[in-house]
Amino acid sequence: MEEALRNASAISDQLQKIEQYKLILSSFLSSNDLLQSKTLHRSQQLLQSFAQELGRLVAETQKEIALFTLTQIQPRVVSFEEQALVIREKLAALYESEQEWSRAAQMLSGIDLDSGMRGVDENFKLSKCIQIARLYLEDEDTVNAETYINKASFLVGSSQNEVLNLQYKVCYARILDMKRKFLEAALRYYGISQIEQRHIGDEEIDENALEQALSAAVTCTILAGAGPQRSRVLATLYKDERCCSKLMIYPILQKVYLERILRKPEIDAFAEELRPHQKASLSDKSTVLDPMIEHNLLSASKLFDELGTLLGIDPTKAEKIASNMICQDRMRGSIDQEEAVIHFEDDIEELQQWDHQISGVCQSLNDILDGMAKKGLPVPVGLVPKS
């Protein structure tokens, strides 16, 4: 078989090369004594060589032959688990390089992680579950991603591998975020952003990655529904010096925490930075930006409820002064004494009416002057209408 593989690799025509590899594999697997104890080990070695040879082929050729190989060995996969693993990992890497995330995940999910024929290391199981979840997340497939991150949750508790543990935390936070469990996601992201180590195992922790995690924590907290826990998280983030010094989103965080009204341009700018799942409409046709509207309503209500405090006087006195101003037509509005709220009205309509009246007077004066000029009557120079 090794001689046949060398000859096949030397063929320049890709179609002929594919057919030759398929012929070699079919001939190899059709052997009657393939699985006999004396030849099984040698058969596994030869198939291992075949699997390694695939990595030297061009991408499309490699995919076609690899898929053909997996189909051919499937009936006997128990005897060739190690070889099937190598082929699946190569195919997954190839799909991942082409950004076919779900296909890469599906290829890895075909690996038997609970095989009784070979001892599978717990760290290997954990790494594959996390890798598959991460690939599904790239396609925003939270259902399949959550399936594998749940499998990983049974393994991560006993894991001493800090790199895998961190990858698990990142994947779990992203799943919560995509499921719109924003407050839970915010807490996970914030925990990740607080990592003090800059080297974990062979991995170097990038400052930009920690900053992104902190920014994600702020975004998710702003999008979360109002409540005591959200208020506590807002306070924690607002007092974190990193938010003030590093994050572009800090002005929004400041206004939300201080219960100040957000203007439409600010909300629009915030929405531009959101990820697609954070901007999607929900089943009841609401959007995740509705909490921003709720925030503005609450901020506005507190502004009027606390009018006396803002003026530095007793609320009863504020009501009395406002009442006098309304009665004297010095301010337009009404007072709801039961709710202790003042409803203000603007003067735009009245001003527009005044403008129309002035325009009417000017037009009438111009008509009179034009009539005088046509009859030859003298018109004062300062009153001659402009043509």
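Residues numbered from 1 in each chain as written. Predicted model: local features only at pLDDT ≥ 70, side-chain atom pairs only at ≥ 80, totals over all residues. Heavy atoms only, no water.

Draft legend 1. Spotlight on the packing of aromatic side chains. The final tally for this structure, using the stated rule, is four aromatic pairs. Considering the side-chain rings of tyrosine 238 and tyrosine 257, the 4.4 Å spacing of their centres and the 25° angle between planes classify their relative orientation as stacked. Of the two residues, tyrosine 238 is situated in helix H12 (residues 228-239) and tyrosine 257 in helix H14 (residues 250-257); the sequence distance between them amounts to 19 residues. Pairwise contacts between aromatic rings join Tyr238, Tyr250 and Tyr257 into one cluster. (Phe/Tyr/Trp six-rings, centres within 6.5 Å; stacked < 30°, edge-to-face > 60°. Helix = DSSP H or I, 4+ residues; strand = E, 2+ residues; numbered from the N terminus.)

Draft legend 2. Inspection of the nonpolar core at higher detail. Ranked by size, the top nonpolar core spans 45 residues in total, and within it Leu54, Leu70, Leu126 and Ile130 carry the most contacts. Going through the elements one at a time, helix H2 (14-29), helix H3 (37-54), helix H4 (59-73), helix H5 (81-97), helix H6 (101-109), helix H7 (122-138), helix H8 (142-156) and helix H9 (162-178) are the ones with two or more residues in this core. In this view, isoleucine 130 contacts Ala152, Leu164, Gln167, Tyr168 and Cys171; residues no more than four positions away in its chain are not counted. (Core = buried A, V, L, I, M, F, W, Y, C linked by side-chain atoms within 4.5 Å. Buried < 20%, exposed > 50% of the residue type's maximum accessible area, 1.4 Å probe, protein only. Contact = heavy atoms within 4.5 Å.)

Draft legend 3. A look at the packing of H5 against H6. Close contact between H5 and H6 brings their axes to 8 Å; oriented N to C, the two are set at 170°. Regarding the angle of H5 to H6, the classification is roughly antiparallel. Every residue of H6 that contacts H5 at Arg88, Glu89, Leu91, Ala92, Tyr95 and Glu96 is listed here: Trp101, Arg103, Ala104, Gln106, Met107 and Leu108. Classifying every residue of the contact of H5 with H6 by side-chain character gives seven nonpolar, one polar and four charged. (Axes fitted to C-alpha atoms, helices over the stretch in contact; angles between N-to-C directions. Parallel < 35°, antiparallel > 145°, perpendicular 65-115°, else oblique. Nonpolar A, V, L, I, M, F, W, Y, C, P; charged D, E, K, R; others polar.)

Draft legend 4. Representation of unusual backbone geometry in the model. Here the phi dihedral of glutamate 140 falls at roughly 55°; this positive angle occurs in a residue that is not glycine. Note that glutamate 140 resides in the loop between H7 and H8. By relative accessible area, which is 35% here, glutamate 140 ends up partly exposed. Look at arginine 180: it is not a glycine, yet its phi comes out positive at around 65°. Examined against the element boundaries, arginine 180 turns out to sit in the loop between H9 and helix H10 (182-193).

Draft legend 5. Quick look at the pattern of salt bridges. With the rule as written, the count across this model stands at eleven salt bridges. Here glutamate 60 and lysine 63 are joined by a salt bridge, their closest N and O atoms 3.1 Å apart. Of this pair, glutamate 60 and lysine 63 both sit in helix H4, three residues apart, roughly one helical turn. Its relative accessible area of 10% is what places lysine 63 among the buried residues. With a shortest N-O distance of 2.8 Å, aspartate 268 and lysine 264 are connected by a salt bridge. (Salt bridge = Lys/Arg side-chain N within 4 Å of Asp/Glu carboxyl O.)

Draft legend 6. Representation of the environment of glutamine 337 in the model. By the secondary structure assignment, glutamine 337 is in the loop between strand E3 (333-336) and strand E4 (341-344). Here glutamine 337 falls in the exposed class, since its relative accessible area comes to 61%. In the structure, glutamine 337 is positioned 18 residues away from glutamate 319 in sequence and 8.6 Å away in space, judged by C-alpha atoms.

Draft legend 7. Highlighting the packing of H12 against H14. Orientation of H12 relative to H14, taken along the N-to-C sense of each, is 135°, at an axis distance of 10 Å. Classified by the interaxial angle, the pair formed by H12 and H14 is oblique. Between H12 and H14 the crossing geometry is left-handed. Residues Arg230, Leu234, Ala235, Leu237, Tyr238 and Lys239 of H12 form the contact with H14, whose own contacting residues are Tyr250, Leu253, Gln254, Val256 and Tyr257. Per-class residue counts for the contact of H12 with H14 are eight nonpolar, one polar and two charged. (Left-handed = near helix turned anticlockwise from the far one by under 90°.)

Draft legend 8. Broad picture of the side chain of serine 102. Among the structural elements, serine 102 can be located in helix H6. Here serine 102 falls in the buried class, since its relative accessible area comes to 18%. Engagement of the side chain of serine 102 in a polar contact is seen with the side chain of aspartate 139, the distance being 2.7 Å. Filtering out sequence-adjacent residues up to four positions away, serine 102 remains in contact with Tyr136 and Asp139. (Polar contact = N/O pair within 3.5 Å; in protein donor to acceptor, adjacent residues only side chain to side chain.)

Draft legend 9. Quick peek at H12. With twelve residues, H12 extends 17 Å from end C-alpha to end C-alpha; this agrees with the ideal 16 Å at 1.5 Å per step. Restricting attention to buried positions, one finds in H12 the residues Arg230, Val233, Leu234, Ala235 and Leu237. Tucked inside the fold, the buried residues of H12 contact H10, helix H11 (207-223), helix H13 (241-246) and H14. (Expected span 1.5 Å × (residues − 1).)

Draft legend 10. Quick look at H8. End to end, H8 covers 19 Å across 15 residues, agreeing with the expected 21 Å (1.5 Å per residue, within 8%). Of all the positions in H8, only Thr142, Ala145, Tyr148, Ile149, Ala152, Leu155 and Val156 are classed as buried. Projected onto a plane normal to the axis of H8, the buried residues spread over an arc of 135° and lie on a single side. Turned more than 90 degrees from where H8 packs its buried face, Val143 and Phe154 sit exposed. Summarising the contacts, the buried residues of H8 are in contact with H6, H7 and H9. (Arc of directions from axis to C-beta.)

Remember, this is a structural readout, not a statement about activity or role.
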